[in-house]
Amino acid sequence: MSEITPDLVRHLAGLARILVTDEEVEKMTSQLSLIVDSVATVNKAVAGDIPATSHPIPMANVFREDVIEPSLSQAEALSGAPDSADGRFRVHAILDEE
Amino acid sequence: MAKDELMNYEQALAQFEVVIGLEVHVELNTKTKMFCGCKNEFGNEPNTNVCPICIGLPGSLPAVNKRAVESSISIGLALGCQIAPTGRFARKNYFYPDLAKNFQTSQYDEPIAFEGALEVEVPSGNKFNVLIERAHMEEDAGKLTHVGGATGRIQGAEYSLVDYNRAGVPLVEIVTKPVFGAGAEAPELAAAYVRSIRDIVRALNVSDARMERGNVRCDANVSLRPHGSEKLGTRTETKNVNSLRSIERAVRYEIQRQAAILAKGGSIIQETRHWHEDRGITSSGRPKSDADDYRYFPEPDLVPVQPSIEWIESLRAALPENPAERRRRLAADWGFSELEFRDVVNAGLLDQIEETVAAGAKPQSARKWWGGELARVANAEDKDVTELSITPAQVAELASLVEGGKINDRLAREVLTYVLAGEGSPAEVVAARGLEVVSDDGALIAAIDAALASQPDVLDAIREGRMQAAGAVIGAVMKAMKGSADAARVRELLIEKANA
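Conventions used here
- Residues numbered from 1 in each chain as written.
- Chains lettered and ligands numbered in written order.
- Predicted model: local features only at pLDDT ≥ 70, side-chain atom pairs only at ≥ 80, totals over all residues.
- Helix = DSSP H or I, 4+ residues; strand = E, 2+ residues; numbered from the N terminus.
- Rg over C-alpha atoms; globule rule 2.2 N^0.38 Å.
- Buried ≥ 20, exposed ≤ 12 C-beta atoms within 10 Å, placed from the backbone.
- Contact = placed C-beta atoms within 7 Å.
- Nonpolar A, V, L, I, M, F, W, Y, C, P; charged D, E, K, R; others polar.
- Pairing = 2+ DSSP bridges.
- Core = buried A, V, L, I, M, F, W, Y, C linked by C-beta atoms within 7 Å.
- Expected span 1.5 Å × (residues − 1).
- Domains from an automatic or database assignment.
- Axes fitted to C-alpha atoms, helices over the stretch in contact; angles between N-to-C directions.
- Parallel < 35°, antiparallel > 145°, perpendicular 65-115°, else oblique.

Colleague: Looking at this model, I keep getting lost on the overall build of chain B. Mind explaining?
Modeller: When helices and strands are tallied, chain B shows 16 helices and 15 strands. In terms of overall dimensions, chain B is more spread out than a globule: its C-alpha atoms have a radius of gyration of 30 Å, far above the 23 Å expected for 500 residues. Projected onto its principal axes, the C-alpha coordinates of chain B cover approximately 95 × 55 × 50 Å. Put simply, chain B has 500 residues, and 40% of those count as buried. Sequence-distant contacts, at least 24 apart, represent 68% of the contacts inside chain B between residues at least 6 apart.

Structure follows, in structure tokens:
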């Protein structure tokens, strides 16, 4: 069994800036446990000496030259923003950083 | 904000050993961003150097800037690091609007450079070998402006505005190992280390390295432990220290603050602290997240970077002289006093003076012009001295005109004004404007006679050996000739006249 606890779920929700109710915490604790346990079965299929794979295709050193390409206009950049002011994206004030 | 209790600095050092660790972020001066072709430029209209990649729109794919990788390798090599034969980028996940992607593309367990060392000299002349743990590539975040609230501080802010022009600008983060043994000089060492990094990246020409623009930023970790203790104390990480002076002050403040807490049996909270330059204090920020909370994982959209030996060695061959070695060489060559040399280094005049000396000037004259009149003009015009429109060769020419007696210091300053205004080289200005000193005896004698007419006693005074009396006549002659008289010749002529 995985070690997904209600406190861990609350912690993860906090990192993701999501408000969760006690009911939701309970539901997600069991659901996340199930997911993690299911994924863990993959471990049974691979031996310990096989390194974790991040890139299945053996390829390296794909670079871009340092050449300027056109950017979006300010209006284009802001066109999908829920809110903007003074040419900038407007977001809720977040209290824990300066 | 509650006022922190501070322990007297000497007392704190008597009770505790100081351990520091420094994280320096260097913004690279590539033309474009780390993962997209948007301009890497300071001071543009907000959100004009942005594209789907750097504002994290769905479906966009990053591509690594080759020049940024080269700059990162050069920094690693200059710090004596090993370069990783293979390295990956990683996603550092966090939800904060300074990056729109909800993660920062960084490097985690495979930094491009690791295990280096840097010799750092503090003002007392003591030298410390600072061990470098790693240097890794990452991207900068956007700039937030907090709006509303009475004090302009985040606590009272109603909302924030985000400009993503800086998001995706290439950064190299250089992390030291814990630094022991600096004792009372820990604050100076922290500042001197950051200065050394700044000098190196400037010499490499990989960053504009202007601290006031945030091109070089420092986070200072400080912890204390009782003398003789093996275990490291809990550290705090002070952010927002963006000048050499504030680094020194912030480290000193943390030493005093932590000592006061520990001496009372309290414990230090591991946290981020903010430096307030105006009040000279640090204040508590967020509790430091565990690395686990960032849920690092390999960036699936970028393939590994595997620099070849040939690539690394060609970059190594192109490294400039190590700044510390260069300073030692120049200090020995120029023969300045320690104080003079330090002033020159602090004013960033090494290149100018070296080139001026190479063009034939004596080191002391080169120092005098760059560190004196030219520094004054630059300061008055709010420019860097290197931005003035005068070349080291022209300064050398000016110095040689003065040494040859063609012009005096006062005229030289006037000549400088015209050179800076674009009227040509010093010799050309002197010729065009007729600014040579008058050493034609006829003209000088006429002026001396005129001056003596109103001060007839001077000759007697000189005959009696009271040479200071000559000053009044020399002054009058200079005034009459609008400063272009050769003062030494006027003096000689005056003495000849007195003894005739």
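Colleague: Explain the overall build of chain A to me, please; I cannot follow it from the model alone.
Modeller: Helix and strand content of chain A: three helices and three strands. In chain A, the succession of α and β elements from N to C terminus is α-α-β-α-β-β. Taking 2.2 N^0.38 as the reference for a compact globule, 98 residues should give roughly 13 Å; the C-alpha atoms of chain A span a radius of gyration of 22 Å, well beyond that estimate. Its C-alpha atoms give chain A principal-axis dimensions of roughly 50 × 45 × 25 Å. Residues counted as buried form 7% of the 98 residues belonging to chain A.

Colleague: It is not clear to me how the interface of chain A and chain B should be interpreted in this structure. Could you clarify?
Modeller: In many analyses, interface size is given as the accessible surface area lost on bringing the parts together. Residue-level contacts link 35 residues of chain A with 44 residues of chain B. At the level of elements, strand S1 (63–64), helix H3 (74–78) and strand S3 (88–92) of chain A are the ones that each hand at least two residues to the side of chain A that touches chain B. Residue contributions to the side of chain A that touches chain B peak at five residues, all from S3 of chain A. Residue classes in the side of chain A that touches chain B are distributed as 17 nonpolar, seven polar and eleven charged. Pairing between S3 of chain A and strand S9 (residues 159–163) of chain B: four bridges, direction antiparallel. Bridged to His-92 of chain A within S9 of chain B is Tyr-159 of chain B.

Colleague: Quick question: what am I supposed to make of the nonpolar core here?
Modeller: Buried together is how nonpolar side chains tend to be arranged in soluble globular proteins. All names here are of chain B. Ranked by internal contacts, the top residues of the largest apolar core, which has 88 residues, are Ile-20, Val-26, Ala-190, Val-194, Ala-220 and Ile-247. Top contributing element to this core by residue count: helix H3 (residues 186–203), with ten residues. Trp-370, Leu-411, Leu-416 and Val-477 belong to the second-largest nonpolar core, a separate cluster that totals 38 residues.

Colleague: I would appreciate a short explanation of helix H2 (residues 66–78) of chain B in the present structure.
Modeller: Residue pairs spaced three or four apart in an α-helix point in one direction, given the helix's 3.6 residues per turn. Residues and elements named next belong to chain B. Between its first and last C-alpha atoms H2 spans 18 Å; for 13 residues at 1.5 Å apiece the expected length is 18 Å, and the two agree. Along H2, twelve of the 13 residues are buried, which leaves the element largely enclosed by surrounding structure. Immediately beyond the C-terminal end of H2, within one or two residues, lies Gly-80, with a positive phi of roughly 70°.

Colleague: In this structure, what is going on with the sheet that holds S3 of chain A? I would like to understand it.
Modeller: Pairing between the strands of a sheet is mediated by backbone hydrogen bonds and can be parallel or antiparallel. The strand order across the open sheet built from four strands is S2(A)-S3(A)-S9(B)-S8(B), with neighbouring strands paired in antiparallel fashion. Each edge of the open sheet is held by one strand with a lone partner, namely strand S2 (84–85) of chain A together with strand S8 (143–147) of chain B.

Colleague: Whenever I open this one, the domain arrangement of chain B confuses me. Can you help?
Modeller: Per the domain assignment, the segments making up chain B are domain 1 (9–315), domain 2 (321–433) and domain 3 (441–499). Each of domain 1 of chain B and domain 2 of chain B was reduced to a C-alpha centroid, and the two centroids are 36 Å apart.

Colleague: Whenever I open this one, the sheet that holds strand S15 (residues 297–298) of chain B confuses me. Can you help?
Modeller: Residue and element names in this part refer to chain B. Overall, antiparallel pairing links the three strands, which are arranged S5-S4-S15 in an open sheet. Whereas interior strands pair on both sides, the edge strands pair on one side only; in this sheet they are strand S5 (103–106) and S15. Relative to S15, strand S4 (residues 90–93) runs antiparallel, the two being bridged by two bridges. Each residue of the ladder has a partner; that of Arg-91, found in S15, is Phe-297.

Colleague: What should I look at first to understand the environment of Glu-340 of chain B in this one?
Modeller: All names here are of chain B. Here Glu-340 lies in helix H7 (residues 338–346). Classification of Glu-340 by C-beta neighbours within 10 Å gives partly exposed; the count is 17. With 307 residues separating them along the chain, Glu-340 and Lys-33 place their C-alpha atoms 40 Å apart.

Colleague: Help me understand the pairing of strand S7 (residues 127–139) of chain B in this model?
Modeller: Both faces of the sheet carry side chains from a regular strand, because those side chains alternate between them. Residue and element names in this part refer to chain B. Note: strand S6 (residues 113–121) against S7, eight bridges, orientation antiparallel. Each bridged residue has a counterpart across the sheet, and for Ala-117 the counterpart in S7 is Leu-131. From the end of S6 to the start of S7, which pair antiparallel, there are five residues, and Gly-125 there has a positive phi angle of about 100°. Of the strand pairs in this sheet, S7 and strand S10 (residues 170–176) are connected by seven bridges, and their pairing is antiparallel. Paired with Glu-138 across the strands is Leu-171, a residue of S10.

Colleague: Would you mind showing me how to read the packing of helix H1 (residues 6–15) of chain A against helix H2 (residues 22–45) of chain A here?
Modeller: For any two helices packed against each other, one specifies the inter-axial angle together with the distance between the axes. Residues and elements named next belong to chain A. With their axes 9 Å apart at the nearest point, H1 and H2 run at an angle of 100° to one another. Taken together, the axes of H1 and H2 are roughly perpendicular relative to one another. Contacts between H1 and H2 pair Pro-6, Val-9 and Arg-10 from the former with Val-25, Glu-26, Met-28, Thr-29 and Leu-32 from the latter.

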